[in-house]
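A look at the structure
Here are the chains, one letter per residue:
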Amino acid sequence: MDGMRGARRSSTAAGAGIPAVNGATDVSTVEVAFDVNGVGCALRLDSRVTLLDALRDHLGLTGAKKGCDQGACGACTVLVDGRRVVSCLMLAAQCEGRRVTTIEGLSDNGAPHPMQAAFARHDAFQCGYCTPGQIMSAVSLLAEGRAGSDEDICEYMSGNLCRCGAYPNIRAAIRDVAASEDA
Amino acid sequence: MTAAGSRVIIGAGLDRVDAPLKVTGGAQYPNDFDYPGMVHAALVRSTVAVGRILAIDAAEARAAAGVLAVITFENAMRLSRGPMTLLGPSPPAPLQNDRILHYGQHIAVVVAATAEQARHAASLVRVRYEDVEALLDIDDPAAPVVENPWRLDTERGDVAAGFAAADVVIDNTYTTPDNTNNPLGLMATVAIWHGDALTVHDSTQWPHNVRTSLATIFNVPESGIRVLAPYVGGAFGAGLRVWPHVILAVLAAREVQRPVKLVLTRPEMFTSVGHRPESVQRLKLGATRAGDLVAVQHEAVSTVAMDDDDYEPVSQCSAVSYACPNTRTRDRQVRLNIPCPGSMRGPAEGQGNFALESAIDELAHELAMDPLELRLRNFAAEHPVSGLPWSSNALRECYTRGAERFGWSRRGPEPGSMRDGHRLVGYGLAGVSYPGYQVPCQARASLNRDGSAFVRSAATDIGTGTYTVMTQLAAELLGLDTGRVRFDLGDSDMPYSPQAGGSGLTGALGNAVHVACRRLVREFLDLVADDAASPLRGARLDEVEVSDGRIHRAGAVGRGESYVDILARHGLEELGADGRSTPPLPEELGMAIAGAFGAKFVEVRIDPDLGLLRVARVVSVIDGGRILNEKTATSQIIGGTVGGIGQALFEDTVTDSGTGRIANATFGDYLVPVNADVPDMEVVFVGEPDRATPVGTKGVGEIGLVGMAAAIANAVHHATGRRVRSLPITIDQLML
């Protein structure tokens, strides 16, 4: 982890957008700027805010989901500088100057990413809650060169839980996209 | 009325209509909603399992940054307990007194400007409890026992005489642990008051129940309450009740006069929204040497909370699964200081079937008979309790087709006789007779002036495919392309729908949509009844067909006209009709209302040195009546099967025997199946449309899970000779 690289810390009564209610003065805030889906953003946040909560609660990008807030379910998976991370285990303050890609940034001018289309075609979800994280992981899997065999797909997709049990269809979707990329 | 071209729409593997939203992150779940001025709630939970709160000190929390309110039993408004529901009494209202009934009970709610502030302030609330010993063990003789809790115990024939006459008797005890539903979606409530009116986003399977309950609890008119749940992040039963945290979010919003969001944490999900209760089951079978069952006795004990109730008739399955003249089933509940159990995918059946289908396998082994043959031999051609013919039953075909697809004939009869290299191979089988369930439901269908249709009901789609299959059904019934039909749900302002639960929604809602759509066509016929300009003038409903956005006379496509033309000529912007379905009644139909039937065939591979167990193959053959969408129905069965693998091999909610604390309340500690635990699997549907209802479906949401635990345990026995009667089946039980 790169820790607090570049983040500017300050200690004030309340961050921008945080209504001062009690007037207590123990809230540490940070200013952080990073790129989300190709758009630069600058935020002043409670230093405890995770990347996941920054995306969801401060940037209105609710595609990434909170399933455990403990890094154990993968529903919050996003790409940071092209690598998948569980955004609930990363503080927003760690993202200074980084490039974040979420499910909302995956489509190309409104055309679904091939992985999104494959998930729909193979019915690779049911409730859909884990789906943004599954798709971000699956996209990353291809980039990592780990979608070449079922064994690899099983292994490297096992950090993304699906309680509805769509695993066989998730594998089918990934196989499908991997095969078309090879072709 | 029939619909031309229906084969294209129904049964076809149409992609989910909500797929584009779900794959882009656009589907909005309850905790995705945000309102101007919205503040956040966090819960304080009891750290003891029983006793009274002696002191609760919230001063530091109240002084913490961002805090708007800390509500405890000392300052909470008085609330009524929720009403009696279809599923039994409501949970007790929270914060009404100083009593603690279970570990994790919500004893305060903190509201602050941000979620971080609320959670921090919640950690500052100090509580002192009276020191009392909790009842936490199902075997504790001091625990109150409820006999025959639902008056569903059964007795037929003479069980004692049956056992006395039996050549072979099998008598064993099976145990299943607490399991926690753990949908991926953290359950969340967003509440916004406007005077006495209230809008609530909630992770519910049943918006109308939330509306009715909140109206009772807060003593406000039901008509002012709107409950929204267009998308729910799974539930598996956890969203069937109006749990205390829902009430607390609404209470907090009332207190601070701002929109409030409350999202449960994963550990809170283990103590706040129900769980599958543990069970101890004694199952005794008597049979002739030829393999005819002559006596079945199933006695089950489950756990339940102190001041709450749960419907979980575990032994019921043994009364209805096999033809046997002498049968007795008994259920008891032991009251403990535990969070209240509740339905979890395949409630009761999931536990009871494990005991029954394990015992059948044990009997087959004792008789040196193929377990498939034993099941076929004792097939219940009529409903064993009522004696009525089934409205549909293709269980025999489930067995025979499954055996064929799986290659059951390759099974060597002796345990330990099959190997693949070093690994032991086991084949296992279980049968499932899932109960039929349907309750009243309503829907409304409208046709717009442009010829598109809007159909809706306050149901939920928790991943079940309801949006999609109801779109298909309405499209067929109105003769429209699916792209011209919008089916909407998840809003209590829509016509009444029951819960997505009990595998009953597709039947209830499908038949309501059926009636609404047929009535809508009749409305069109009424409009043109005396219309000299219409080729449909005077036509009755049974004399017409619908296709391509038109109504025409049966067998004469040219003699009709479009919805658009009729609406335009009569100066109408839209035409609508309501539909209502009621459950089919066995006594009226002279048939026993069938649920789904199924057979599960499983192959396991076990490393004899390490005890490592892998499920290598699963074939599920299901009689689900008429299948509206093979793609989503297959997903339901696969998903249930994955849940069954979890029940069989992983899931075990561990309660600390001293404090009642859940010792493994995270996804790192409570194991659920991951991708690498689940093989590709085959699902086959057999059978015919069910005769009890016009639409002919039978629910397939839960049957996929049921039978897996027994099929895996039976396969383990076949692989190793070791009989595991206690779930989950773990490595230590397999060290050979």
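Residues numbered from 1 in each chain as written. Chains lettered and ligands numbered in written order. Predicted model: local features only at pLDDT ≥ 70, side-chain atom pairs only at ≥ 80, totals over all residues.

Chain B carries the name Xanthine dehydrogenase family protein molybdopterin-binding subunit in an unreviewed UniProt entry, which gives Actinocorallia aurantiaca as its organism.

Chain A has the name (2Fe-2S)-binding protein in an unreviewed UniProt entry, where Actinocorallia aurantiaca is given as its organism.

Examining the overall build of chain B
A count of helical and extended segments in chain B gives 19 helices and 29 strands. Here chain B has a C-alpha radius of gyration of 27 Å; the compact-globule value for 736 residues is 27 Å, and the two agree. Here the C-alpha coordinates of chain B stretch approximately 80 × 75 × 50 Å along the principal axes. Going through the 736 residues of chain B one by one, you find that 61% of them count as buried. Within chain B, counting contacts between residues at least 6 apart in sequence, those at least 24 apart form 82% of the total. (Helix = DSSP H or I, 4+ residues; strand = E, 2+ residues; numbered from the N terminus. Rg over C-alpha atoms; globule rule 2.2 N^0.38 Å. Buried ≥ 20, exposed ≤ 12 C-beta atoms within 10 Å, placed from the backbone. Contact = placed C-beta atoms within 7 Å.)

Details of the overall build of chain A
If you tally the helices and strands in chain A, you get five helices and six strands. Scanning chain A from its N terminus toward the C terminus, one meets helices and strands in the order β-β-β-α-β-β-β-α-α-α-α. Counting only contacts in chain A whose residues sit at least 6 apart along the sequence, the fraction spanning at least 24 positions is 58%.

Focus: the pairing of strand 16 (residues 293-305) of chain B
Of all 13 residues that make up strand 16 of chain B, 13 are buried, and the element is covered over most of its length. Count of turn residues in the strand 15 (residues 279-287) of chain B/strand 16 of chain B antiparallel hairpin: five residues, of which B:Gly291 carries a positive phi of about 100°. (Pairing = 2+ DSSP bridges.)

Quick look at the interface of chain B and chain A
Taken residue by residue, the interface counts 53 residues in chain B and 52 residues in chain A. Secondary-structure elements contributing two or more residues to the side of chain B that touches chain A are helix 2 (19-24), strand 4 (67-72), helix 4 (115-122) and helix 17 (630-649) of chain B. The element that contributes the greatest number of residues to the side of chain B that touches chain A is helix 17 of chain B, accounting for eight residues. Per-class residue counts for the side of chain B that touches chain A are 26 nonpolar, 19 polar and eight charged. (Nonpolar A, V, L, I, M, F, W, Y, C, P; charged D, E, K, R; others polar.)

A few points about the environment of B:Phe379
Residues and elements named next belong to chain B. Counting through the fold element by element, phenylalanine 379 comes out in the loop between helix 11 (371-377) and helix 12 (395-406). Given 14 C-beta atoms within 10 Å, phenylalanine 379 falls into the partly exposed group. For the pair formed by phenylalanine 379 and serine 321, sequence separation is 58 residues and the distance between their alpha carbons is 7.8 Å. Apart from residues no more than four positions distant in its own chain, phenylalanine 379 is found in contact with Ala323, Leu395 and Arg396.

Focus on the sheet that holds strand 22 (residues 485-488) of chain B
All names here are of chain B. Spatial strand order, 22-21-20-26: four strands in an open sheet with mixed pairing. For this open sheet the edge positions go to strand 22 and strand 26 (574-581), each flanked by a neighbour on one side alone. With strand direction ignored, the average angle separating the axes of adjacent strands in the sheet is 15°. The strands touched by helix 13 (residues 466-478) within the sheet are strand 20 (441-448), strand 21 (453-456) and strand 22, with strand 22 carrying the most contacts at an inclination of about 135°. Contacting strand 20, strand 21 and strand 26, helix 14 (residues 505-527) runs over the sheet at an angle of about 140° to strand 26. (Axes fitted to C-alpha atoms, helices over the stretch in contact; angles between N-to-C directions.)

Concerning helix 3 (residues 131-144) of chain A
Residue and element names in this part refer to chain A. Between its first and last C-alpha, helix 3 extends 19 Å over 14 residues, near the 20 Å set by a 1.5 Å rise per residue. Most of helix 3 is tucked away, with eleven of its 14 residues classed as buried. At the C-terminal side of helix 3, glycine 145 shows a positive phi close to 70°. (Expected span 1.5 Å × (residues − 1).)

What about the UniProt feature "domain: Aldehyde oxidase/xanthine dehydrogenase a/b hammerhead" (unreviewed entry) in chain B?
Feature annotation in UniProt places "domain: Aldehyde oxidase/xanthine dehydrogenase a/b hammerhead" (unreviewed entry) on residues 24-133 of chain B, given in this structure's numbering. Split by type, residues 24-133 of chain B is 13% helix and 30% strand. Its first and last C-alpha atoms lie 51 Å apart. (UniProt positions renumbered as here; feature names shortened; annotations may be inferred.)

Things to note about the sheet that holds strand 7 (residues 126-129) of chain B
Paired through their backbone hydrogen bonds, the strands of a sheet run either parallel or antiparallel. Residue and element names in this part refer to chain B. With antiparallel pairing, the three strands of this open sheet are ordered in space as 5-3-7. Two strands lie at the open edges of the sheet, namely strand 5 (99-100) and strand 7, each paired on one side alone. Bridging between strand 3 (residues 51-57) and strand 7 involves four bridges; their strand directions are antiparallel. Pairing of isoleucine 53 across the sheet is with tyrosine 129, part of strand 7.

Section: unusual backbone geometry
Residue and element names in this part refer to chain B. In the segment running from leucine 727 into proline 728, the intervening peptide bond is cis, with an omega of -10°. Mapping proline 728 onto the fold places it in the loop between helix 18 (708-720) and helix 19 (731-734). The backbone of arginine 151 shows a phi angle near 55°, a positive value even though the residue is not glycine. Summarising the element assignment, arginine 151 is placed in the loop between strand 8 (145-147) and strand 9 (154-156).

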